[in-house]
Amino acid sequence: MEQAVNEGMIIFRDVSKIYRIGDSVVRALDHANIRIDRGEFVSVIGPSGSGKSTLMNIIGCLDLADEGEYLLDGQEIRNYSENELARIRNRKIGFIFQDFNLLGKLTAYENVELPLIYQRLPRARRKEQVEDALNRVGLWDRRRHKPTELSGGQQQRVAIARALATRPSIFLADEPTGNLDQKTGRELIGIFHELHEAGSTIVLITHDGHIAQEAARSIKILDGHVENIAARDEILEVV
Amino acid sequence: MIFQSMKMAWESVISNKLRTFLTMLGIIIGVLALVVLVSIVSGATSRVTDVISSMGTDKLQVSVFDDSGKPLKMKDMEDISALPGVRAAAPLSQDMGATVKSGKNSASVQVTGTTAAYREIQGLSIASGRWLKSTDQENHTAVAVVNGTLAKDILGVSHTSEAVGKTVTISGVPYTVVGVLGEGSQMTDIFSMSAYSVYIPYSTLVRNSRTGGAINSFVVAAGEETLAEAEASVRGYLSERFDAGDDEENEHYYIFNMSQIMDSMGQVTAVMSIALGGIAAISLLVGGIGIMNIMLVSVTERTREIGIRKAIGAGNGSIMFQFLIEALMVSLIGCAVGVLASWGVLALISLISKTNFPMDPGVVTVAVVFSLVIGLIFGIYPASKAASKKPIDALHFTN
């Protein structure tokens with residue numbers, strides 16, 4: 001594990017993902033090389049259909065690369081079984097989706113608790129971590145509400161709390177502000193900054209240059225090709 | 001984990017009450033049919049075997065079809081009583097459709113003509129008065145012994161002792177009541193359909209009903225362990241008398257052996273239980289298919305939920321377990337409701353038929369085990385279908 005500290009949090013080496021639709025072959029990712037270090041706040045920007053979702057699926061261990069090498073937190077993500085991948089997602093990744101993806105039948109508390117149940121933590125530990133996570137997004141007093149009883153911004157904060165609760169290696173946010181109004185979106189980005197300042201690694205995927213600008217560094221993706229952009233000012237120009 | 005899965009399953013079960021109820025209905029009806037049918041068969045069986053054993057399994061009932069012109073007389077009863085293994089023998093002649101009258105009351109009764117020995121053979125008890133005597137037989141006396149129900153309903157007495165000495169007319173002929181049977185003596189004959197029974201001397205019945213003196217039916221009591229010996233000696237006696245040969249399947253007479261009847265009765269009802277139970281089990285199977293059908297719909301509807309769960313770390317086992325618990329919950333709750341409903345239906349049937357049909361604990365066990373197995377079998381496929389969904393496909397699924 002000593003080695004992992006020195007290595008990047010996310011390392012892509014010549015990663016390709018190929019889809020075959022009928023006779024045509026689409027390279028959703030084409031020999032992508034990416035490095036994201038521990039504690040970085042990075043945005044991934046590109047128009048729809050550029051390969052953003054594919055990138056997110058591979059980073060999030062929802063899908064496997066066809067070619068190349070992917071290291072997450074020092075661990076090579078190979079041809080693991082579904083259950084092993086589920087375990088990696090559960091321990092290392094905190095997902096935040098565009099449409100929140102909370103379970104409608106569960107309360108805010110139960111939604112946040114769910115990944116901890118899959119970790120088989122004892123009840124007392126779960127309560128501790130859920131309380132901590134909901135407090136950090138300021139929704140502890142709303143814990144008994146179901147998603148339908150919460151506003152969009154509150155739902156997304158519950159989703160962030162769910163990601164937070166497992167204390168993951170990275171937060172992977174896919175258009176987290178896409179379904180929110182500007183003001184709520186800005187508040188949400190504020191939470192990401194807080195997480196970043198507390199030392200978390202954040203990967204923010206978006207098509208919105210203004211949102212992407214919030215990150216210290218950006219990765220641009222276009223037709224499956226990845227281009228690293230270091231400076232914040234350049235971000236707006238590429239969109 | 002188990003508790004969480006059960007809680008989720010429960011929430012899913014109650015979130016669509018009508019659908020869940022309709023799905024359960026298949027199991028409820030299946031269990032209801034299984035438990036009620038089998039309980040009724042076993043209730044009826046135990047009732048019939050009670051009747052047969054109250055008749056005594058140490059008895060033979062003999063019917064003569066063809067006496068070859070040499071009819072049995074009272075003298076033969078004495079001879080048969082003296083055969084090896086035989087304790088006693090009494091002639092039996094029954095008039096099913098006689099009308100008994102007393103004052104304004106009348107009813108259709110079964111009149112049995114027999115002798116003094118009959119009481120001992122059938123173990124009848126006397127509540128008041130006396131049983132038929134051999135002098136009644138010899139003198140063709142017009143005396144009758146009635147059962148308690150008849151004494152109360154037709155003679156209108158509140159206590160059996162008041163009936164002794166009263167007069168009843170049976171098919172127009174007046175008889176003096178000399179005795180009343182005790183409780184529990186009515187169900188002495190499986191062929192008895194009436195609640196009322198009357199016993200009169202055999203000779204009196206023969207004289208009054210113009211049937212001639214031939215004895216075509218009689219009962220034989222054997223000793224404790226001598227039933228087979230008694231049957232063999234009666235068979236020998238009758239075969240010699242009618243030139244019939246020792247064959248059991250002869251055309252002259254037939255010997256009903258009560259323990260044999262019990263045995264074959266047991267076989268018949270066992271077959272009936274299995275046949276009816278089998279039919280009911282088929283409806284349970286159909287109920288199981290209903291569960292599978294609704295579970296498959298539920299899996300499709302909840303594809304996105306499955307995707308979310310998998311994304312945040314649910315393994316295939318957890319997903320599978322959750323859906324399997326749900327199927328089991330539907331089938332077991334259905335089974336519980338079915339058992340409760342069966343209990344109600346059986347209580348109602350018992351009330352209406354005035355016969356006790358208790359719930360057969362064996363069939364309840366079978367119903368529970370069967371429901372469990374059905375829940376498992378028909379839950380496994382939808383559950384594994386849910387578990388095998390790929391998280392990305394499931395996440396991007398839109399209803």
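The structure we're discussing is the one just above.
Criteria and cut-off values
Residues numbered from 1 in each chain as written. Chains lettered and ligands numbered in written order. Predicted model: local features only at pLDDT ≥ 70, side-chain atom pairs only at ≥ 80, totals over all residues. Helix = DSSP H or I, 4+ residues; strand = E, 2+ residues; numbered from the N terminus. Contact = placed C-beta atoms within 7 Å. Pairing = 2+ DSSP bridges. Axes fitted to C-alpha atoms, helices over the stretch in contact; angles between N-to-C directions. Core = buried A, V, L, I, M, F, W, Y, C linked by C-beta atoms within 7 Å. Buried ≥ 20, exposed ≤ 12 C-beta atoms within 10 Å, placed from the backbone. Expected span 1.5 Å × (residues − 1). Arc of directions from axis to C-beta.

### Side note on the overall build of chain A
Looking only at helices and strands, chain A features nine helices and 10 strands. Once the C-alpha set of chain A is aligned to its principal axes, its extents read approximately 50 × 40 × 40 Å. Intrachain contacts of chain A at a sequence separation of at least 6 include 72% that bridge at least 24 residues.

### Re the sheet that holds strand E1 (residues 10-21) of chain A
Within a sheet, each strand pairs with its neighbour through backbone hydrogen bonds, oriented either parallel or antiparallel. Residues and elements named next belong to chain A. A sheet is described by the order of its strands in space; here four strands give the open sequence E2-E1-E4-E5, paired in antiparallel fashion. With partners counted over all chains shown, the strands left at the sheet margins are strand E2 (24-36) and strand E5 (75-76), one partner each. Of the pairings in the sheet, the one linking E1 to strand E4 (residues 67-72) comprises five bridges and is antiparallel in character. Within E4, the residue paired with Arg13 across the bridge is Glu69. Contacts from helix H2 (residues 52-59) reach E1, E2 and E4, with the element oriented near 125° to E1.

### Considering the nonpolar core
Soluble globular proteins tend to pack their nonpolar side chains together in the buried interior. In this structure, Ala161(A), Val203(A), Val31(B) and Val35(B) are the most contacted members of the largest nonpolar core, which totals 117 residues. Top contributing element to this core by residue count: helix H12 (residues 316-353) of chain B, with 13 residues. Leave out the neighbours within four places in its chain, and Val203(A) touches Ile36(A), Val42(A), Val44(A), Ile59(A), Ile170(A) and Leu172(A). Membership of the second largest hydrophobic core comes to 28 residues, among which are Leu155(B), Ala163(B), Ile170(B) and Tyr175(B).

### Section: the sheet that holds strand E10 (residues 217-222) of chain B
Residues and elements named next belong to chain B. Read across the open sheet, the four strands follow the order E2-E10-E1-E11; overall the sheet is antiparallel. In this open sheet, the two edge strands, each paired with only one partner strand, are strand E2 (86-91) and strand E11 (253-257). Within the sheet, the average angular offset between the axes of one strand and its neighbour, ignoring direction, is 20°. With five bridges joining them, E2 and E10 adopt antiparallel strand pairing. The residue of E10 that forms the bridge with Ala89 is Val220. Running over the sheet, helix H9 (residues 227-242) touches strand E1 (59-64), E2, E10 and E11 and is turned about 170° from E11.

### Remarks on helix H5 (residues 123-136) of chain A
All names here are of chain A. Between its terminal C-alpha atoms H5 stretches 20 Å, which fits the 20 Å expected from 14 residues at 1.5 Å a residue. Inspection of H5 places Arg126, Gln129, Val130, Ala133 and Leu134 among the buried residues, and these make up the whole buried set. Projection of H5 onto a plane perpendicular to its axis shows the buried side chains occupying an angular sector of 130°, all on one side. Turned more than 90 degrees off the buried face of H5, the exposed positions are Ala124 and Arg125. Contacts made by the buried residues of H5 are with helix H4 (108-118) and helix H6 (152-165).

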